[in-house]
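Here's the letter readout for the chains.
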Amino acid sequence: MFVLAVELLTIHSPFLCMGAMKMTTTMLESALTCPHCGYVSVEVMPTDACIYFYECTRCKALLSPKSGDCCVFCSYGSVKCPPIQEGRACCAGSATPAKR
Ligand SMILES: [Zn+2]
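Read on for a plain summary of the structure. (Residues numbered from 1 in each chain as written. Predicted model: local features only at pLDDT ≥ 70, side-chain atom pairs only at ≥ 80, totals over all residues.)

1. Focus: the overall build of the protein chain
- A tally of helices and strands in the protein chain yields three helices and four strands.
- Written out in order from the N terminus, the α and β elements of the protein chain read α-β-β-β-β-α-α.
- Across the 100 residues of the protein chain, 19% fall into the buried class.
- Taking all contacts inside the protein chain whose residues are at least 6 apart in sequence as the whole, residues at least 24 apart take part in 34%. (Helix = DSSP H or I, 4+ residues; strand = E, 2+ residues; numbered from the N terminus. Buried ≥ 20, exposed ≤ 12 C-beta atoms within 10 Å, placed from the backbone. Contact = placed C-beta atoms within 7 Å.)

Written as structure tokens, this is what we have:
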């Protein structure tokens, strides 16, 4: 009887793990592609701030977001910034029109 209970636990645990992982799927690494020289650099994004300016490590061009994007990762990265991934408005709040 005791062995049976342990077996049931091991069968169910993979499902529990998968459920827990689904909660935190925010990607923190984004591959930034420089629009000037095409250099790709993988950068770790901060979860509590936005990178508005980014200097390309190869051509030293200063990248800034395209209009409508909140940060350089949203414009040039392979992954959008954490607040956008989580469905939150980004720091600048440009995604949600302000009501006045
Ligand atoms: Zn560049």
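2. Examining the nonpolar core
- Grouped together as the largest cluster of nonpolar side chains are 12 residues: Leu32, Cys34, Met45, Cys50, Tyr54, Cys70, Cys71, Val72, Phe73, Cys74, Tyr76 and Cys81.
- Here the element with the most residues in this core is helix α2 (residues 72–76); it accounts for four residues. (Core = buried A, V, L, I, M, F, W, Y, C linked by C-beta atoms within 7 Å.)

3. Some thoughts on the environment of Cys71
- Tracing the backbone through its elements, the reader meets Cys71 in the loop between β4 (62–63) and α2.
- Here the alpha-carbon distance between Cys71 and Phe53, two residues 18 residues apart in the chain, equals 7.6 Å.

4. Quick look at the pairing of strand β1 (residues 29–33)
- Only one face of β1 is covered, namely the face carrying Ser30 and Leu32; the face carrying Glu29, Ala31 and Thr33 is uncovered.
- Sheet analysis places β1 next to strand β2 (residues 40–44), joined by five bridges and oriented antiparallel. In the sheet register, Glu29 faces β2, and the bridge partner there is Val44.
- The hairpin formed by β1 and β2 contains six residues between the paired strands, and Gly38 there has a positive phi angle of roughly 80°. (Pairing = 2+ DSSP bridges.)

5. Comments concerning unusual backbone geometry
- In this model, Lys60 sits at a positive phi of 65°, which is unusual for a non-glycine residue.
- Structurally, Lys60 is set in the loop between β3 (54–55) and β4.

6. Looking at the environment of Ile51
- Note on placement: Ile51 falls in the loop between β2 and β3.
- Considering only alpha carbons, one finds Ile51 and Cys81, 30 residues apart in sequence, at a separation of 8.9 Å.
- Residues within four places of Ile51 in sequence aside, it is in contact with Met45, Cys71, Val72 and Phe73.

7. A few points about the environment of Thr26
- Here Thr26 shows up in the loop between α1 (2–23) and β1.
- Taking the number of C-beta atoms within 10 Å as the measure of exposure, Thr26 has 14 and is therefore partly exposed.
- C-alpha separation for the pair Thr26 and Glu86, spaced 60 residues apart in sequence, amounts to 7.1 Å.
- Once residues within four sequence positions are removed from consideration, Thr26 is found in contact with Pro82, Gln85 and Glu86.

In short, shape yes, function no, at least from these values alone.
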